[in-house]
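What follows is each chain in one-letter form.
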Amino acid sequence: MAVALACAGGLAACTKHMADAPDNNNGGGDAKLTADLGTELLNTGNFKIGGGVILIRIAAGNTPSAFSALSSTCTHEGCTVSTFNTGSDLIECNAPCGHGSRYTATGAVQTGPATAALAKMTVSINGNTLSVS
């Protein structure tokens, strides 16, 4: 699977972002982000951003391990990750920050100047509702 994310000062429109998925759907409670798996994130590579989280479907199936949930805040400049590109194997933070840090799909630093990984979040699924906390 190929993944690339670019960093921006705010939550901007995403090139592969699902048009019917609001950016800031946090579903209440202590969930930072929720998704209806009956209508959202149906295919590998689909993603959703909101509540300080980027949630990416990395495999088939509706189990927590089929998703990668990471902090959407770049660890170098504090920009908000906002673009997802399945044409690359890396998460890139480069606009408007311009510093070029790269992360793997699991959040690990591939190349700096960032030195710390994106924080991993916890995914839970109850029926068709996925929650990230």
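Residues numbered from 1 in each chain as written. Predicted model: local features only at pLDDT ≥ 70, side-chain atom pairs only at ≥ 80, totals over all residues. Heavy atoms only, no water.

Q: Could you clarify how one ought to interpret the confidence of the model for the protein chain in this entry?
A: Low pLDDT means the predicted coordinates in that region are not meant to be read closely. Averaged over every residue, the pLDDT of the protein chain is 74; the share at 70 or more is 64%. Throughout residues 1-28 the model reports pLDDT below 50, and contacts reaching past four residues in sequence, or to other chains, amount to 109 contacts. (pLDDT = per-residue confidence, 0-100. Contact = heavy atoms within 4.5 Å.)

Q: Just checking my understanding: could you explain the pairing of strand E11 (residues 129-132) for this structure?
A: Within a regular strand, the side chains alternate between the two sheet faces. Here four bridges tie strand E2 (residues 33-36) to E11, and the two strands are oriented antiparallel to one another. If you follow Leu-33 over to E11, its bridge partner there is Val-132. (Pairing = 2+ DSSP bridges. Helix = DSSP H or I, 4+ residues; strand = E, 2+ residues; numbered from the N terminus.)

Q: It is not clear to me how the side chain of Arg-57 should be interpreted in this structure. Could you clarify?
A: Residue placement: Arg-57 occurs in strand E4 (residues 53-57). Lacking a salt bridge, the buried Arg-57 has Asp-36 as its closest oppositely charged neighbour, with an N-O distance of 9.7 Å. Within the structure, Arg-57 has its side chain in polar contact with the backbone oxygen of Leu-41 (distance 2.4 Å). (Buried < 20%, exposed > 50% of the residue type's maximum accessible area, 1.4 Å probe, protein only. Lys, Arg positive; Asp, Glu negative; His and termini not counted. Salt bridge = Lys/Arg side-chain N within 4 Å of Asp/Glu carboxyl O. Polar contact = N/O pair within 3.5 Å; in protein donor to acceptor, adjacent residues only side chain to side chain.)

Q: Teacher, can you tell me more about the sheet that holds strand E3 (residues 47-50) here?
A: Pairing between the strands of a sheet comes from backbone hydrogen bonds, and it takes one of two forms, parallel or antiparallel. Taken together, three strands build an open sheet; the order of strands is E3-E4-E5 and the sheet is antiparallel. Because the sheet does not close on itself, it has two edges, and the strands there are E3 and strand E5 (67-71). This sheet shows a mean twist of 15° between the axes of neighbouring strands, independent of strand direction. Sheet topology note: the E4/E5 ladder contains five bridges and is antiparallel. Residue pairing in the sheet places Val-53 in a bridge with Ser-71 of E5. (Axes fitted to C-alpha atoms, helices over the stretch in contact; angles between N-to-C directions.)

Q: Which parts of the structure should I look at to understand the nonpolar core?
A: Across soluble globular proteins, nonpolar side chains show a tendency to be buried alongside one another. Residues Leu-33, Ala-35, Leu-37, Leu-41, Val-53, Leu-55, Ala-66, Phe-67, Ala-69, Val-123, Leu-130 and Val-132 constitute the largest nonpolar core, which totals twelve residues. Elements supplying a minimum of two residues to this core: E2, E4, E5 and E11. Sequence-distant contacts of Leu-55, that is, excluding residues within four places in its chain, are made with Leu-33, Ala-35, Leu-41, Asn-46, Phe-47, Lys-48, Phe-67, Ser-68, Ala-69, Val-123, Leu-130 and Val-132. Core analysis: the next-biggest nonpolar cluster, separate from the first, contains ten residues, Phe-47, Ile-54, Cys-74 and Tyr-103 among them. (Core = buried A, V, L, I, M, F, W, Y, C linked by side-chain atoms within 4.5 Å.)

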